[in-house]
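Each chain, letter by letter, is given below.
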Protein chains: 2
Amino acid sequence: MDQQDERIIRIAELEIDPAHLAEYRTLLAEEIEASIAKEPGVVMLHAVAERERPEQVRILEVYADRQAYEAHIRTPHFLKYKEGTAYMIKALRLIDVDPIAVNAKVYP
Amino acid sequence: MDQQDERIIRIAELEIDPAHLAEYRTLLAEEIEASIAKEPGVVMLHAVAERERPEQVRILEVYADRQAYEAHIRTPHFLKYKEGTAYMIKALRLIDVDPIAVNAKVYP
């Protein structure tokens, strides 16, 4: 598999200001739901928070290709998230990754 | 959504011996493909390697519930992976996480 794999796959590691964690979670969830619903090129966006350190947020991002990614970061829902949460984010690290196995279960 | 969310969601952070990285990737990919194909309760297993530090492997694991997880770690394919790769793994950290948004795109 993964012949001619043009997907952009990334992990975002974020540290959120604990004072704004609930708002941040809401805005991120809205942004992800809109992206998955409206953008065919956004293949996966999975966001989780560490249970013991909930200010530590991790997002696994999969875009169909570079073009899909470039389009994503220009959408109104992404810009709303980006601008609306900027002051809540204490640290952000974007890590390019290569797939070993990145496949959701396909339900019949 | 996520009413009555019984899913077990976890991030595994692994450091692999660089001398065995290719073998490790193959064994992990086989294990994941078998789990997704054979176990209804294994919802997602996404494994990636950092591009700049490929010995750093991250796995996002989603199981339907505790029972599905307990069944998973007793399967022949998991035990083959676990026993076959033990000597390749220099460090392993399992992090319990809570979902903010964990939803694959559902294709029509």
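Residues numbered from 1 in each chain as written. Chains lettered and ligands numbered in written order. Predicted model: local features only at pLDDT ≥ 70, side-chain atom pairs only at ≥ 80, totals over all residues.

With that out of the way, let us pick up the overall build of chain A. For chain A, the count of helices and strands is 3 helices and 4 strands. The linear arrangement of helices and strands in chain A, starting from the amino end, is β-α-β-β-α-α-β. Against the globule reference of 13 Å for 108 residues, chain A gives a C-alpha radius of gyration of 14 Å, in line with a compact fold. Projected onto the principal axes, the alpha-carbon positions of chain A cover approximately 45 × 30 × 30 Å. Across the 108 residues of chain A, 29% fall into the buried class. For chain A, contacts bridging at least 24 residues in sequence account for 73% of all contacts bridging at least 6. (Helix = DSSP H or I, 4+ residues; strand = E, 2+ residues; numbered from the N terminus. Rg over C-alpha atoms; globule rule 2.2 N^0.38 Å. Buried ≥ 20, exposed ≤ 12 C-beta atoms within 10 Å, placed from the backbone. Contact = placed C-beta atoms within 7 Å.)

A few words now on the pairing of strand β3 (residues 56–63) of chain B. Residue and element names in this part refer to chain B. Among the 8 residues in β3, 6 count as buried, and that is most of the element. Strand direction decides the pairing type here: strand β1 (residues 8–16) and β3, joined by 8 bridges, are antiparallel. Among the inter-strand pairings, I11 is bridged to a residue of β3, identified as L60. Pairing analysis gives 7 bridges linking strand β2 (residues 42–50) to β3, with the strands arranged antiparallel. For M44, the partnering residue across the bridge sits in β3 and is V62. Connecting the antiparallel pair β2 and β3 is a turn made up of 5 residues. (Pairing = 2+ DSSP bridges.)

Here the focus is the relation of the copies chain B and chain A. When chain B is fitted to chain A, the residual RMSD is 0.0 Å, and the transformation amounts to a turn of 180° plus an axial shift of 0.0 Å. Such a turn and shift between the copies fits a two-fold axis. The residues that chain B uses at the interface reappear at the interface of chain A in 100% of cases, marking a shared surface. (Least-squares fit on C-alpha atoms with pLDDT ≥ 70 in both.)

Before going further, it helps to spend a moment on the nonpolar core. In terms of nonpolar packing, the biggest core is built from 45 residues, with A:A47 and B:A47 touching the most fellow members. Not counting residues up to four positions away in its chain, the partners in contact with B:A47 are A:I100, A:A101, B:L28, B:I32, B:V57 and B:I59. (Core = buried A, V, L, I, M, F, W, Y, C linked by C-beta atoms within 7 Å.)

The next thing to look at is the packing of helix α1 (residues 21–38) of chain B against helix α3 (residues 76–85) of chain B. Residues and elements named next belong to chain B. Running from amino to carboxyl end, α1 crosses α3 at an angle of 165°, the nearest separation of the two axes being 9 Å. For the element pair α1 / α3, the angle class is roughly antiparallel. The way α1 lies across α3 gives a crossing that is left-handed. Within the contact between the two elements, α1 uses Y24, L27, L28, E31, A34 and S35 and α3 uses H77, F78, Y81, G84 and T85. Across the contact of α1 with α3, the residue classes tally to 6 nonpolar, 4 polar and 1 charged. (Axes fitted to C-alpha atoms, helices over the stretch in contact; angles between N-to-C directions. Parallel < 35°, antiparallel > 145°, perpendicular 65-115°, else oblique. Left-handed = near helix turned anticlockwise from the far one by under 90°. Nonpolar A, V, L, I, M, F, W, Y, C, P; charged D, E, K, R; others polar.)

Moving on to the environment of A:V62. Residues and elements named next belong to chain A. Locating V62 in the fold gives a position in strand β3 (residues 56–63). What makes V62 buried here is the crowd of 24 C-beta atoms within 10 Å. For the pair formed by V62 and Y87, sequence separation is 25 residues and the distance between their alpha carbons is 25 Å. Here V62 is in contact with R7, I9, V43, M44 and V102, once residues within four sequence places are set aside.

Bringing the interface of chain B and chain A into the picture now. On the chain A side, the residues contacting the 31 residues of chain B number 31 residues. Those elements giving two or more residues to the side of chain B that touches chain A turn out to be β1, α1, β2, β3 and β4 (89–104) of chain B. Per element, the largest residue contribution to the side of chain B that touches chain A is 10 residues, and it comes from β4(B). Of the residues assigned to the side of chain B that touches chain A, the class counts are 21 nonpolar, 2 polar and 8 charged.

An α-helix turns once per 3.6 residues; consequently, residues spaced three or four apart project the same way. Residue and element names in this part refer to chain A. Between its first and last C-alpha, helix α1 (residues 21–38) extends 26 Å over 18 residues, near the 26 Å set by a 1.5 Å rise per residue. Inspection of α1 places Y24, L28, E31, I32 and S35 among the buried residues, and these make up the whole buried set. Angular distribution of buried residues about the axis of α1 spans 100°; they occupy a single face of the element. Among the exposed residues of α1, those pointing more than 90 degrees away from its buried face are A22, T26, A37 and K38. (Expected span 1.5 Å × (residues − 1). Arc of directions from axis to C-beta.)

Once that is clear, we can look at the environment of B:E83. Residue and element names in this part refer to chain B. Structurally, E83 can be placed in helix α3. Residue E83 is classed as exposed on the basis of its C-beta count, with 9 C-beta atoms lying within 10 Å. Distance from E83 to V62, taken between C-alpha atoms, is 22 Å for residues 21 residues apart in sequence.

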